[in-house]
Amino acid sequence: MEENYDAFAVAISTIFGAVVIGGLMAAALAFGERDAFFFSLGAATAAWLSGYAIFFDKPRTFMALVAVAVLMAVGATLILAF
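Starting from 1, residues in each chain are numbered consecutively following that chain's sequence as written. In keeping with the predicted nature of the model, local features appear solely for residues at pLDDT of at least 70, side-chain atom pairs appear and are counted solely at 80 or more, and the whole-chain, interface and lining totals rest on all residues. Side-chain measures were taken over the full set of non-hydrogen atoms in the model, leaving aside hydrogen atoms and water.

1. Examining the nonpolar core
Side-chain atoms within 4.5 Å link the members of a nonpolar core, which is a set of buried Ala, Val, Leu, Ile, Met, Phe, Trp, Tyr and Cys residues. Throughout, exposure labels follow a simple rule: accessible area from a 1.4 Å probe, protein chains only, divided by the maximum for the residue type, with under 20% read as buried, over 50% as exposed, and the rest as partly exposed. Core analysis: the largest hydrophobic core is formed by eight residues, namely I21, L24, M25, A28, A36, A43, A73 and A76. Every element with two or more residues in this core is listed here: α1 (5–31), α2 (34–55) and α3 (59–81). By residue number, the principal contributor to this core is α1, which donates four residues. Helix numbers and strand numbers start at the N terminus; a helix is a DSSP run of H or I with at least 4 residues, a strand a run of E with at least 2.

Spelled out as structure tokens, the structure:
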């Protein structure tokens, strides 16, 4: 039996990323923070685009998009925290 651990890793990271970013968007809506919502929306978009970078075998693009998603999610979190 051939097992593809890479596909499982991508699926798990995508699902957990969507849950975290979706929760961040919901928190931004609940607290009425427009900037935090747009930062989390940008993080979700960058994470979504990074999935295509995996399929097209572009590791540097994937790393850049993940870095953008992380930075935008951290920015949204900081806006919500302060």
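Alright, that's what it looks like, and here's the rest.
2. Considerations on the environment of A11
Summarising the element assignment, A11 is placed in helix α1. With relative accessibility at 36%, the residue A11 sits in the partly exposed group. Along the sequence, A11 and G51 sit 40 residues apart, while their C-alpha atoms lie 9.7 Å from each other.

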